[in-house]
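Next come the chains, spelled out residue by residue.
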Amino acid sequence: MKIGFVGTGTIAEAMVTGMLGSSLDVSETSFDVSEITVSPRNGEIAARLAGLSPRVRIGADNQAVADASDVLFLAIRPQIAEEVIRALRFRPGQSVVSVIAATDRAKLKDWIDAPVEITQAIPLPFVADRAGVTAIFPPNPDVAAIFSALGSAVECETREEYDLLAAASALMGTYFGILDRTTGWLAGQGMPEDKARAYLAPLFLSLAQTAVKHGGMPLAGLRQEFSTKGGLNEQVFEDFDQKGGTQALTAALDRVMLRIKR
Ligand SMILES: NC(=O)c1ccc[n+]([C@@H]2O[C@H](COP(=O)([O-])OP(=O)(O)OC[C@H]3O[C@@H](n4cnc5c(N)ncnc54)[C@H](OP(=O)(O)O)[C@@H]3O)[C@@H](O)[C@H]2O)c1
């Protein structure tokens, strides 16, 4: 399988880095990547990626990348997407994966001049370490296999599901915000910030690992499991829930969803 990237920026670099050395990068498997062609912009990133493996080469221009690819990733910014995509010639049946934000399939279909298979995806920077979860829409086994090799893939049956996961992915800043606010509170009580962080970051990591490991257990059950009746954990969640935390969280998600749907 030949993979290409139009737009060689931050997220393309993360994906290519993850692909190299992944299960896709083993020629004995039936689903391997024989060649990755990246577009010449950004030149510095393209050169860096080409230096990682002889399987990565830099296409002469965007069209050369499209021509060389069975699966073509569009990884450009939304502002220039229409201009770049309309200028390309696609092959009927080619698989096109757009990671472009705020650009739905209807627009992509309108801009693409051939009957191609269009998939949307929301890769996150963690794909570089093959630890990223990626939402894709609509379900596509080949695209899901690529993202599974970079962590895991969640295939959305409907656009609504896909938009909902896009809204949920907007919680990343808040995750760090909670760590930051808590570290700040600990520092305000006299604890050195680096020590506070050295405690909190692994604690949150263990909690996330527990949620993944016990995927079949309801989250409310996990909350109870980690909260002694009448204890400190129960008290903090009750305060969060009853004093505006849940309301602020759900209102923020509602508001981000409105923006995504616009
Ligand atoms: N970063 C993330 O975590 C992330 C996650 C999911 C989705 N996305 C989406 O992925 C897309 C790319 O994001 P990014 O963060 O990777 O942005 P980025 O780092 O700015 O990458 C975009 C790349 O496109 C190149 N480019 C500009 N004009 C071009 C053209 N005419 N033809 C081909 N390439 C061109 C830019 O090159 P120059 O540097 O030379 O201008 C740049 O390297 C966006 O739509 C974004 O919403 C990003």
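It should be emphasised that the depicted structure is a prediction, and the values quoted were computed from it without experimental measurement. (Residues numbered from 1 in each chain as written. Predicted model: local features only at pLDDT ≥ 70, side-chain atom pairs only at ≥ 80, totals over all residues. Heavy atoms only, no water.)

Novice: Any chance you could explain the sheet that holds strand E3 (residues 56-58) here in plain terms?
Specialist: Hydrogen bonds between backbone atoms are what pair the strands of a sheet, whose relative direction is either parallel or antiparallel. Strand order in this open sheet of 8 strands is E3-E2-E1-E4-E5-E6-E7-E8, and the pairing throughout is mixed. Two strands bound the open sheet, and with one partner strand each, they are E3 and strand E8 (151-155). The sheet shows a mean angle of 25° between the axes of neighbouring strands, taken without regard to direction. Direction of pairing for strand E2 (residues 35-38) relative to E3: parallel, over a ladder of 3 bridges. Each residue of the ladder has a partner; that of Ile 36, found in E3, is Val 56. On top of the sheet, helix H1 (residues 10-19) reaches strand E1 (2-6), E2, E3 and strand E4 (71-74); it is set at about 160° to E1, its chief contact. (Pairing = 2+ DSSP bridges. Helix = DSSP H or I, 4+ residues; strand = E, 2+ residues; numbered from the N terminus. Axes fitted to C-alpha atoms, helices over the stretch in contact; angles between N-to-C directions. Contact = heavy atoms within 4.5 Å.)

Novice: Help me understand the nonpolar core, please; the structure alone is not making it clear to me.
Specialist: The tendency in soluble globular proteins is for nonpolar side chains to be buried side by side. Core analysis: the biggest nonpolar cluster contains 30 residues, and Ile 3, Phe 5, Met 15, Met 19, Ile 36, Phe 73 and Phe 147 have the highest contact counts within it. Secondary-structure elements contributing two or more residues to this core are E1, H1, E2, helix H2 (43-50), E4 and helix H6 (141-149). Ignoring any residue separated from it by four or fewer positions in sequence, one finds Phe 5 in contact with Ala 12, Met 15, Val 16, Met 19, Ile 36, Thr 37, Val 38, Ser 39, Val 65, Leu 72 and Phe 73. In terms of nonpolar packing, the next biggest core, distinct from the first, is built from 19 residues, Val 6, Val 84, Ile 100 and Leu 108 among them. (Core = buried A, V, L, I, M, F, W, Y, C linked by side-chain atoms within 4.5 Å. Buried < 20%, exposed > 50% of the residue type's maximum accessible area, 1.4 Å probe, protein only.)

Novice: Got a minute to help me understand the site of the ligand in this structure?
Specialist: The immediate surroundings of the ligand are formed by 19 residues, with Ile 11, Arg 41, Asn 62, Ile 76 and Arg 77 found nearest. Here an oxygen atom of the ligand sits 2.9 Å away from a polar atom, N or O, in the main chain of Ile 11. Here Ala 101 contributes a backbone N or O atom positioned 3.3 Å from an oxygen atom of the ligand. Those elements giving two or more residues to the shell around the ligand turn out to be H1 and helix H4 (78-86). In terms of residue count, H4 provides more of the shell around the ligand than any other element does, 3 residues in total. Taken together, the residues of the shell around the ligand sort by class into 11 nonpolar, 6 polar and 2 charged. (Near = heavy atom within 4 Å. Polar contact = N/O pair within 3.5 Å; in protein donor to acceptor, adjacent residues only side chain to side chain. Nonpolar A, V, L, I, M, F, W, Y, C, P; charged D, E, K, R; others polar.)

Novice: Even after reading the chapter, I still don't get the domain arrangement of the chain, so can you show me in this structure?
Specialist: By the assigned domains, the chain splits into domain 1 (2-157) and domain 2 (170-260). Placing the centre of domain 1 and that of domain 2 at their C-alpha centroids yields a distance of 34 Å. (Domains from an automatic or database assignment.)

Novice: Before we go on, may I ask you to explain the pattern of salt bridges in this structure?
Specialist: Pairing between side chains becomes possible if they bear opposite charge and their charged atoms approach one another. Per the stated rule, a full pass over the model turns up 11 salt bridges. Close ionic contact of Arg 55 with Asp 25 constitutes a salt bridge, the shortest N to O distance being 3.4 Å. You can see Arg 55 sitting in the loop between H2 and E3 and its partner Asp 25 sitting in the loop between H1 and E2, a full 30 residues away along the chain. Arg 55 gets classed as partly exposed once you look at its relative accessible area, which sits at 24%. Between Arg 57 and Glu 35 there is a salt bridge; the shortest N-O distance is 3.5 Å. (Salt bridge = Lys/Arg side-chain N within 4 Å of Asp/Glu carboxyl O.)

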